[in-house]
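Listed here are the chains, written in short residue letters.
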Amino acid sequence: MSTTPPVSSSASAAPRPSIVQLAIKDKETLHAAYIPLFKEGGIFIASAREYKLGDDVYILLTLPDDTERYPVAGKVAWITPAQAAANRSQGVGVRFPPDEKCRMLKSKIEEILGARLASGRPTQTI
């Protein structure tokens, strides 16, 4: 008699969030990746991996001239497909969660970017 392991109801549970280490080296790259249109803030991650809107993504984010790694447990809220218009990179925009740590991170990013936020320079998002 052969034994087959029972089918677990957790087999259909949501997949584990992906973990991304994102080290942004300069202000220009940060400006291109930052998404100020999200109320909580967000960041674009260039990736060929397939994501769906709402997928959980855990980011360890390092900002320019800063050795600290900021953990962000965000959700995919933007998808740029392969061969997108305007030479935009394939990837996803991850929305920061509405918590105090991420509000502080948003403020820090906006402080670093300063006047660049109002510039008309192209970004990886809108």
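A. Main features of the nonpolar core. Residues I43, I45, V57, I59, L61, L105 and I109 are the most contacted members of the largest nonpolar core, which totals 24 residues. Contributions of two or more residues to this core are made by β1 (18-23), α1 (27-33), β2 (42-46), β3 (56-62), β4 (69-80), β5 (91-95) and α2 (100-113). The element contributing the most residues to this core is α2, with four residues. The residues touching V57, leaving out its near neighbours within four places in the chain, are P17, S18, V20, I45, Y51, V72, A73, G74, V76 and V94.

B. Summary view of α2. The terminal C-alpha atoms of α2, which comprises 14 residues, lie 20 Å apart, in line with the 20 Å expected from a rise of 1.5 Å per residue. Looking at the packing, one finds that the buried side of α2 touches α1, β3 and β4. G114 sits one or two positions beyond α2 and adopts a positive phi of about 50°.

C. How the structure looks around the environment of E28. The topology assignment puts E28 in helix α1. Along the chain, E28 and T123 lie 95 residues apart, while their C-alpha atoms are 9.4 Å from each other.

D. Structural detail: the side chain of D66. Take D66: it is sitting in the loop between β3 and β4. From its side chain, D66 meets the backbone nitrogen of E68 in a polar contact 3.0 Å long. Within polar-contact distance, the side chain of D66 engages the side chain of Y70 at 2.5 Å.

E. How the structure looks around the pattern of salt bridges. Enumeration according to the criterion identifies five salt bridges in this entry. Where K108 meets D66, a salt bridge forms, and the shortest distance between an N and an O atom there is 3.8 Å. Of this pair, K108 sits in helix α2 while D66 sits in the loop between β3 and β4, placing them 42 residues apart in sequence. On the basis of relative accessible area, K108 is assigned to the partly exposed category, the value being 31%.

F. Looking closely at unusual backbone geometry. At D65, a residue that is not glycine, the phi angle is positive and equals roughly 55°. Mapped onto the elements, D65 comes out in the loop between β3 and β4. One non-glycine residue, Q83, lies in the positive phi region at around 60°.

G. Structural detail: the layout of surface pockets. Computed from the structure, the second largest pocket encloses a volume of approximately 150 Å³. E68, Y70, P71, V72, K101, C102, M104, L105 and K108 together form the lining of the second largest pocket. Elements supplying a minimum of two residues to the lining of the second largest pocket: β4 and α2. Sorting elements by how many residues they give to the lining of the second largest pocket places α2 first, with five residues. For the lining of the second largest pocket, the per-class residue count stands at six nonpolar, no polar and three charged.

H. Region of interest: the environment of A33. With respect to the helices and strands, A33 occurs in helix α1. With ten residues separating them along the chain, A33 and I43 place their C-alpha atoms 5.4 Å apart.

The rules behind the values
Residues numbered from 1 in each chain as written. Predicted model: local features only at pLDDT ≥ 70, side-chain atom pairs only at ≥ 80, totals over all residues. Heavy atoms only, no water. Core = buried A, V, L, I, M, F, W, Y, C linked by side-chain atoms within 4.5 Å. Buried < 20%, exposed > 50% of the residue type's maximum accessible area, 1.4 Å probe, protein only. Helix = DSSP H or I, 4+ residues; strand = E, 2+ residues; numbered from the N terminus. Contact = heavy atoms within 4.5 Å. Expected span 1.5 Å × (residues − 1). Polar contact = N/O pair within 3.5 Å; in protein donor to acceptor, adjacent residues only side chain to side chain. Salt bridge = Lys/Arg side-chain N within 4 Å of Asp/Glu carboxyl O. 1 Å grid on protein atoms, 1.4 Å probe; cavity = no way out; pocket = protein on both sides within 12 Å on 5 of 7 lines; lining within 4 Å. Points joined across faces, edges and corners; volume = space filled by probe spheres on them. Nonpolar A, V, L, I, M, F, W, Y, C, P; charged D, E, K, R; others polar.

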